[in-house]
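# An overview of the molecular structure
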Amino acid sequence: MEDTADKSSDAIQEEIAFKWPQEATLLLIEEYRSRQNDFMSGKMSQKKIWLLIAAKMVKHGYKVSGAQCLSKFSGLKRTYKAVKDYNKRYGSGSRTWTFFPLMDELLGVNPSMSSVTTVSSTGKRSQMESAYSSSGSDKEEDIQPKKSKQTTTVEKLLEDLKKMRKVAEEAQERRHKENIELRRRLLNSFDKMLNILEKK
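Residues numbered from 1 in each chain as written. Predicted model: local features only at pLDDT ≥ 70, side-chain atom pairs only at ≥ 80, totals over all residues. Heavy atoms only, no water.

## Some points on the overall build of the protein
Counting its regular elements, the protein contains 8 helices and 0 strands. The linear arrangement of helices and strands in the protein, starting from the amino end, is α-α-α-α-α-α-α-α. Accessible surface, the protein: about 14900 Å² in total, of which carbon and sulfur atoms supply 53%. (Helix = DSSP H or I, 4+ residues; strand = E, 2+ residues; numbered from the N terminus. Areas by Shrake-Rupley, 256 points an atom, 1.4 Å probe, with all protein chains shown as cover.)

Structure follows, in C-alpha cells:
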C-alpha cells in the first residue's frame, strides 16, 4: 500500500516540477491554435480538449497533464495581456516578450483581451467598435484576425519549431538504429563465445 502512495506522490511531484522549455511552450501554443475551433464551438468540453493537447505534448516527449497545459496557457495569456496593456499605456515596443507575436496573432482580436472601448458624450464611437457593430454579428468566428508583419515572425517561429522537432525525431531514430546494431553485435559476440566454450 505504501508503494502505491509513494508512486502517486512521485507522479504528483513530477507533474509539479515540470519546467516548460521554449520548444514545449511553442508546441503548446501551436496545439492551442490547431484546436481553437474546438474551444469556440462548445461541442467538446474544455477539459477534454486540454487532455487531447496534453496527449499531443506527451507524444512529443513532454510529460504534462491537461491541467498543466491549461495552467501554462493561462499564464501565457496573463503575460500577453500585461505586456499589451503596458505597451498600450507607455508606448508600443516598451516591453518585449518571446511569445508575444504568437499570442498576439491568437488573441489580438479577442474582445476579452482588449481594453474596454467607451463612447464619448458626443455619441461618436471608435473605429474598432464601429467595425464590430457594422458587421451585424457578435459571433467570434465572424471576426477575422488581423494580418500584420508579425505573421511572418509567427510563421518563422512555427517553422523553426517544426525543424527542431524533425531533427529531434531523426536523432531519436538514429539512436534507435545504433542501439539495435549494438545489440546485434553483442549477440554475435555471445554466440562466438558460446561456440568456443562448446568446442572445449
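## Quick word on the UniProt feature "coiled-coil region" (unreviewed entry) in the protein
Following the UniProt record, one finds the feature "coiled-coil region" (unreviewed entry) at residues 154-181. The annotated region residues 154-181 carries 100% helix and 0% strand content, and the separation between its end C-alpha atoms amounts to 41 Å. (UniProt positions renumbered as here; feature names shortened; annotations may be inferred.)

## Focus: the packing of helix α2 (residues 22-34) against helix α6 (residues 100-107)
Interaxial distance between α2 and α6 falls to 11 Å at its minimum, and their mutual angle equals 15°. Between α2 and α6, the crossing angle belongs to the class labelled roughly parallel. For the element pair α2 and α6, the recorded crossing hand is left-handed. In this structure, α2 contributes L26, I29, Y32 and R33 to the contact, and α6 contributes L102, M103, E105 and L106. A breakdown of the residues in the contact of α2 with α6 according to their chemical character gives 6 nonpolar, no polar and 2 charged. (Axes fitted to C-alpha atoms, helices over the stretch in contact; angles between N-to-C directions. Parallel < 35°, antiparallel > 145°, perpendicular 65-115°, else oblique. Left-handed = near helix turned anticlockwise from the far one by under 90°. Contact = heavy atoms within 4.5 Å. Nonpolar A, V, L, I, M, F, W, Y, C, P; charged D, E, K, R; others polar.)

## Quick notes on the confidence of the model for the protein
Put simply, the protein has an average pLDDT of 75, and 69% of its residues get 70 or more. Mean pLDDT values over the elements of the protein span from 37, in helix α7 (residues 127-134), up to 94, in helix α4 (residues 46-59). Low confidence marks residues 1-8, where pLDDT is under 50. Its contacts with residues over four positions away, or in another chain, come to 0 contacts. Below pLDDT 50 for its whole length, residues 114-147 participates in 20 contacts with residues either more than four positions away or in separate chains. (pLDDT = per-residue confidence, 0-100.)

## Details of the nonpolar core
Core analysis: the biggest nonpolar cluster contains 31 residues, and M57 and M103 have the highest contact counts within it. Of all elements in the fold, only α2, α4, α5 (66-90), α6 and α8 (150-199) reach the threshold of two or more residues within this core. It is α2 that contributes the most residues to this core, 6 residues altogether. Each of domain 1 (22-109) and domain 2 (155-199) gives at least three residues to this core. (Core = buried A, V, L, I, M, F, W, Y, C linked by side-chain atoms within 4.5 Å. Buried < 20%, exposed > 50% of the residue type's maximum accessible area, 1.4 Å probe, protein only. Domains from an automatic or database assignment.)

## Some thoughts on the environment of V154
With respect to the element layout, V154 can be found in helix α8. Not counting the four nearest positions on each side in its chain, V154 is found in contact with R33, P101, L102 and E105.

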